[in-house]
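A structural walkthrough
Residue strings, one per chain:
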Amino acid sequence: TFFKHYSGLTAMEKKLAEYKCNTNEAIQLKLVRFPEDLEDDNTTFNPEYSHQVFGDDEVAFGYKGLKMILYYIAGNLSTLFRIEYTSKVNEKFDCVEADDVESKIREIIPPGFCTNTDDFVSLLEKEVNFKPFGMLLHTYSVHNEEAGEDIAYQIYKADMTCPGFREYHERLQTFLMWFIETASFIDVDDERWNYFLVFEKYNKDGATLFATVGYMTVYNYYVYPDKTRPRVSQMLILPPFQGEGHGAQLLETVHRYYMSSPAVLDITAEDPSENYVKLRDFVLVKLCQDLICFSPGKLVQGFSPEMVMEAQQKLKINKQHTRRVYEILRLRATDMGDAEQSRSFRLDVKRRLIGPYKKKQRELAKMRRCLRPEELTNQLNQIDLNMQHKQLEESFQQLVTDYRRVLERLAQA
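Residues numbered from 1 in each chain as written. Predicted model: local features only at pLDDT ≥ 70, side-chain atom pairs only at ≥ 80, totals over all residues. Heavy atoms only, no water.

1. Remarks on the environment of Arg352
In this structure, Arg352 sits in helix H13 (residues 339–353). We classify Arg352 as partly exposed; its relative accessible area is 31%. Between the alpha carbons of Arg352 and Leu399 there is a distance of 12 Å; along the sequence they are 47 residues apart. (Helix = DSSP H or I, 4+ residues; strand = E, 2+ residues; numbered from the N terminus. Buried < 20%, exposed > 50% of the residue type's maximum accessible area, 1.4 Å probe, protein only.)

2. A few points about the packing of aromatic side chains
By the definition in use, this model includes 22 aromatic pairs. Ring geometry for Phe81 versus Phe113: centroids 5.6 Å apart, planes at 80°, classification edge-to-face. Here Phe113 lies in the loop between helix H4 (101–106) and helix H5 (117–125) and Phe81 lies in strand E7 (residues 79–84), a separation of 32 residues in the sequence. Ring geometry for Tyr219 and Tyr221: centres 4.8 Å apart, planes at 70°, overall edge-to-face. Residue Tyr219 is classed as buried on the basis of its relative accessible area of 10%. Linked through ring pairs, Phe130, Phe133, Tyr156, Phe165, Tyr168, Tyr195 and Phe199 together constitute an aromatic cluster. The cationic tip of Arg33 hangs over the ring face of Tyr202; the distance from NZ or CZ to the ring centre is 4.4 Å. If you follow Arg409 out to its NZ or CZ, it ends over the ring of Phe282, 4.1 Å from the centre. (Phe/Tyr/Trp six-rings, centres within 6.5 Å; stacked < 30°, edge-to-face > 60°. Lys NZ or Arg CZ within 6 Å of the ring centre and 35° of its normal.)

3. A look at the side chain of Thr212
Within the fold, Thr212 resides in strand E12 (residues 207–223). By relative accessible area, Thr212 is classed as buried at 0%. Reaching out from Thr212, the side chain makes a polar contact with the backbone oxygen of Gly75 at a distance of 2.7 Å. (Polar contact = N/O pair within 3.5 Å; in protein donor to acceptor, adjacent residues only side chain to side chain.)

4. Focus: the sheet that holds E7
Pairing in this open sheet of four strands is mixed, and the strands run E3-E2-E6-E7 from one edge to the other. Each edge of the open sheet carries a strand with a single partner, namely strand E3 (44–45) and E7. In terms of strand pairing, strand E6 (residues 67–73) meets E7 through six bridges, oriented antiparallel. Bridging from a neighbouring strand, Ile69 pairs with Arg82 of E7. Contacts from H5 reach strand E2 (27–32), E6 and E7, with the element oriented near 20° to E6. (Pairing = 2+ DSSP bridges. Contact = heavy atoms within 4.5 Å. Axes fitted to C-alpha atoms, helices over the stretch in contact; angles between N-to-C directions.)

5. Quick notes on the pattern of salt bridges
Per the stated rule, a full pass over the model turns up 19 salt bridges. Residue Glu84 is joined to Arg82 by a salt bridge in which the shortest nitrogen-to-oxygen separation is 2.9 Å. A relative accessible area of 28% means that Glu84 is categorised as partly exposed. Between Lys286 and Glu252 there is a salt bridge, with its nearest N and O atoms 2.7 Å apart. (Salt bridge = Lys/Arg side-chain N within 4 Å of Asp/Glu carboxyl O.)

6. Details of the pairing of E6
Most of E6 sits inside the fold, with six of its seven residues counted as buried. The pairing of E2 with E6 spans six bridges and is parallel. Pairing of Leu31 across the sheet is with Tyr72, part of E6. Hairpin connection between E6 and E7: a loop of five residues separates the two successive antiparallel strands, and Leu77 in this loop has a positive phi of roughly 65°.

7. Focus on the UniProt feature "active site" (unreviewed entry) in the chain
Under the present numbering, the feature "active site" (unreviewed entry) in UniProt falls on Glu270. We classify Glu270 as partly exposed; its relative accessible area is 36%. Those residues in contact with Glu270 that sit more than four places away from it in its chain are Arg231, Val232 and Ser233. (UniProt positions renumbered as here; feature names shortened; annotations may be inferred.)

8. Let's talk about the layout of surface pockets
Computed from the structure, the largest pocket encloses a volume of approximately 1300 Å³. Every residue lining the largest pocket is counted, 44 residues in all, and those nearest its centre are Met235, Ser273, Asn275, Tyr276 and Leu279. Secondary-structure elements contributing two or more residues to the lining of the largest pocket are E12, strand E13 (227–237), helix H8 (246–259), helix H9 (274–288) and helix H16 (385–412). Split into classes, the residues belonging to the lining of the largest pocket amount to 20 nonpolar, 11 polar and 13 charged. Per-domain counts for the lining of the largest pocket show at least three residues from each of domain 2 (131–170 + 180–271) and domain 3 (283–372 + 384–412). Roughly 760 Å³ of volume is contained in the second largest pocket. Lining the second largest pocket are 27 residues, with Arg33, Asn144, Ile151, Glu200 and Phe241 sitting closest to its centre. Of the residues forming the lining of the second largest pocket, the biggest block, five residues, is contributed by strand E10 (residues 149–158). Residues of the lining of the second largest pocket, tallied by class, amount to 12 nonpolar, seven polar and eight charged. (1 Å grid on protein atoms, 1.4 Å probe; cavity = no way out; pocket = protein on both sides within 12 Å on 5 of 7 lines; lining within 4 Å. Points joined across faces, edges and corners; volume = space filled by probe spheres on them. Nonpolar A, V, L, I, M, F, W, Y, C, P; charged D, E, K, R; others polar. Domains from an automatic or database assignment.)

What follows is the structure, encoded as structure tokens:
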């Protein structure tokens, strides 16, 4: 009986396994401009993450052929949400229940969505009335190969006093859950938030319409006695628009916006991702490269207080980011084939990189004075000098690779 029972179990398990769906594949997103976009698979995209809604496994149980449809009208982001599947587990499976996928998604999308396509299409006809929120800061264009023309984009600064913006933002922020690994929704009642939005202008039946491209939220921290320090919190360019340079346009526009304000000390970012750091390097180097303190003659003399002061006063860049800008521009001004020049550059960067190691050693010296010998050896073993040099060299090589990428992008800009 044991074998019979056991083989029965695996058959059951196999059966149940067929009812597991990867939620990143099951969620289907669209930004809809024309009714025919609804049928066009090329306009569909999927989340990068769904763990915040469906757990770390990113699996939904209980369905075959599960589709969680989340379609948004391109501009004002009115939403169509519905669940489709080919079959669902039923009572024949003892004590097994399908996940309530619908309520999980309802928790993050605001109420007032459509559940059928006809209602959604009739909302699409009203989209011609949608206009961007807030104050226009910047207009730019990107050449589109496919369309064979330049497409115009605009960046606006909005706040919660703009009519309809609060509801629009509720719909917009749902995208964070699918594309930012550690996303969280912000407290919109706090007036210290600024919102910067990117829109594309497009034509439909002779009218000009606006499509949402992406956005950034920035929090204004108070700095004693009378300054603020804006901190970038969230930034997202929607997947259909990624890789076209919108992130750089947005970040540069935000910097320029704060640059004109005497009350702003400098701009920081909260827990930046690797991609954000690369983007920021590019934007800040682009802004700084023409400052007098970063001329090749000055770069060779090393990092200076003048650089820190000028970058902060003119461009609202903080000391730590200015140091990176200096290293990138110094790399550009250095002939790495020249032994003397490259050695000087390497020592300069490694001196900064070794800072944290040095700090650790100072801490060890303190511990030596107050720890018993056997406790000490354990601590000392963690810091082996050879290891340090190897790590240092690896960190340096990685940095140079990153810096070269920034310089390549700059050369093409």
